[in-house]
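Chain residues, written in single-letter form:
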Amino acid sequence: MPDRHLTSLTIRRPDDWHLHLRDGAMLKAVLPETARHFARAIVMPNLVPPVVTSAQALAYRERIMAALPPGAKFQPLMTLYLTETTDPEDVREAYAAGIATAVKLYPAGATTNSDSGVREIEKVRAVLDVMAEIGMPLCIHGEVTDHDVDIFDREAVFIDRVMKPLRKKVPDLRIVMEHVTTQDAVDYVRDSNKNLGATITTHHLIINRNHILAGGIKPHFYCLPVAKREAHRVALVQAAISGDKRFFLGTDSAPHTDPNKLQACGCAGIFSAPNTMSCLAEVFDAAGRIRKIEDFASLNGPLFYGLPPNEDTITLIKGDPVTYPAQIATGDGPVTVFDPGFDLHWRVVD
Ligand code: NCD
Ligand code: ZN
């Protein structure tokens, strides 16, 4: 049966390869939204203070496990926040002990809570060499932070200035370019023959920069990297639906309270955990490729990370429009849920 006429599809349970869970009351409120559909997630370490050491990652993992709803089966895969003083041996031990799955590189100042990030790559070279040796992936926020580089060009410039030299210097390092937003990044990843993958968010498959800026400013569509022009969105959709093993889902669901989003200098981040699978199904179905959602959300990520795909399944069903709450309440205040701007007909049943 051609994809177009499918109204039900069972796939391996998906994982989220880029997720912000936060801490405390926010963690408690947002975690069930991910644990409902996803088996595992790569958990970002940009807390205040950041999760830098294996001891901090272990403690954070315990707080996540304690915040899970009773009976929920969810495995957080922890990351270490790379700083210029990170101890390579601590990273080695965290990976060997199964405490950390990956290391996250934030260029200093690139995004939310990235001040302790990396200014000079040479200063973290010893850590990167150890990671290349042991096969531990490096997740990179791929944007330069130079004030003289236009914010819409920061990803493409990062590829030339940082990615290319880095991959020449440390060719055995396994790298995930996180939340790619440009045709440039899609082409760069496609042209590589090994050790490079990329996550794509749900929202970057749906919005372009007009959604943020045309007809009034829409803070709930503001995230980093910022959404680009339509041709880039189309390139991301093509990569996601292609089945190409180098591209996989990282929602970058990044909750901020409405008061923190809706102000003169609002926070970057889109909260999509509750409706991500419905949104994705709509995108894949509209492209006539609903079956490929399994490669993107459930198979390609584990393959890159060297983990088995999940054994259990979820079923996606197409029917009357499904609705999600516009906001969820958290102990820190309300958080608005991503609004794709179209009806969602696909829902998840376990
Ligand atoms: C993320 C956050 O809020 O932590 N924000 C975002 O816009 N994506 C940080 C990040 O992933 O860049
Ligand atoms: Zn993120």
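Each value, and the rule that gives it
- Residues numbered from 1 in each chain as written.
- Chains lettered and ligands numbered in written order.
- Predicted model: local features only at pLDDT ≥ 70, side-chain atom pairs only at ≥ 80, totals over all residues.
- Heavy atoms only, no water.
- Helix = DSSP H or I, 4+ residues; strand = E, 2+ residues; numbered from the N terminus.
- Pairing = 2+ DSSP bridges.
- Axes fitted to C-alpha atoms, helices over the stretch in contact; angles between N-to-C directions.
- Core = buried A, V, L, I, M, F, W, Y, C linked by side-chain atoms within 4.5 Å.
- Buried < 20%, exposed > 50% of the residue type's maximum accessible area, 1.4 Å probe, protein only.
- Donors = N, O, S within 2.8 Å, 3.2 Å for Na, K, Ca; no water.
- Tetrahedral: all angles 85-135°; square planar, octahedral: opposite > 155°, others 65-115°.

What follows deals with unusual backbone geometry. Omega for the bond connecting Val48 with Pro49 falls within 30 degrees of zero, at -5°, which places this linkage in the cis form. On the secondary structure map, Pro49 appears in the loop between β3 (40-43) and α2 (54-67). Of the consecutive residues Leu224 and Pro225, the connecting peptide bond is found in the cis state with omega at -10°. Relative to the assigned elements, Pro225 resides in the loop between α7 (209-213) and α8 (230-241). Here the phi dihedral of Asn113 falls at roughly 50°; this positive angle occurs in a residue that is not glycine. With respect to the secondary-structure elements, Asn113 resides in the loop between β5 (102-105) and α4 (125-134). Despite not being glycine, His179 shows a phi value in the positive range, around 35°.

As a further point, take the sheet that holds strand β13 (residues 344-349). In space, the three strands of this open sheet follow the order β1-β10-β13, with antiparallel pairing throughout. Each edge of the sheet is formed by a strand with only one pairing partner; in this case those strands are β1 (8-12) and β13. Neighbour-to-neighbour, the strand axes of this sheet turn through a mean angle of 35°, independent of strand direction. Where β1 and strand β10 (residues 313-322) come together, five bridges link them in antiparallel fashion.

Moving on: the nonpolar core. In this structure, Leu21, Met177 and Leu205 are the most contacted members of the largest nonpolar core, which totals 97 residues. Among the nonpolar cores identified, the runner-up in size contains 13 residues, and Trp17, Ile42, Met44 and Tyr81 belong to it.

A separate point is helix α10 (residues 276-286). For α10, the tally of buried residues reaches ten of eleven residues, placing the bulk of the element in the interior. Considered for burial, the residues of α10 that qualify are Thr276, Met277, Ser278, Cys279, Leu280, Ala281, Glu282, Val283, Phe284 and Asp285.

Surrounding the zinc ion (ligand 2) are the protein donor atoms His18 (NE2), His20 (NE2) and Asp252 (OD), which sit 2.0 to 2.1 Å from the metal. Geometry at the zinc ion (ligand 2) is irregular, judged from its four donor atoms and the angles of 90 to 139° they form at the metal. Donor residues binding the zinc ion (ligand 2) come from one chain and are separated in sequence as H-x1-H-x231-D. In this pair, His18 is assigned in strand β2 (residues 16-19) and Asp252 in the loop between β9 (247-249) and α9 (258-261), connecting sequence segments 234 residues apart. Considered together, His18 and Asp252 belong to a single accessibility category, that of buried residues.

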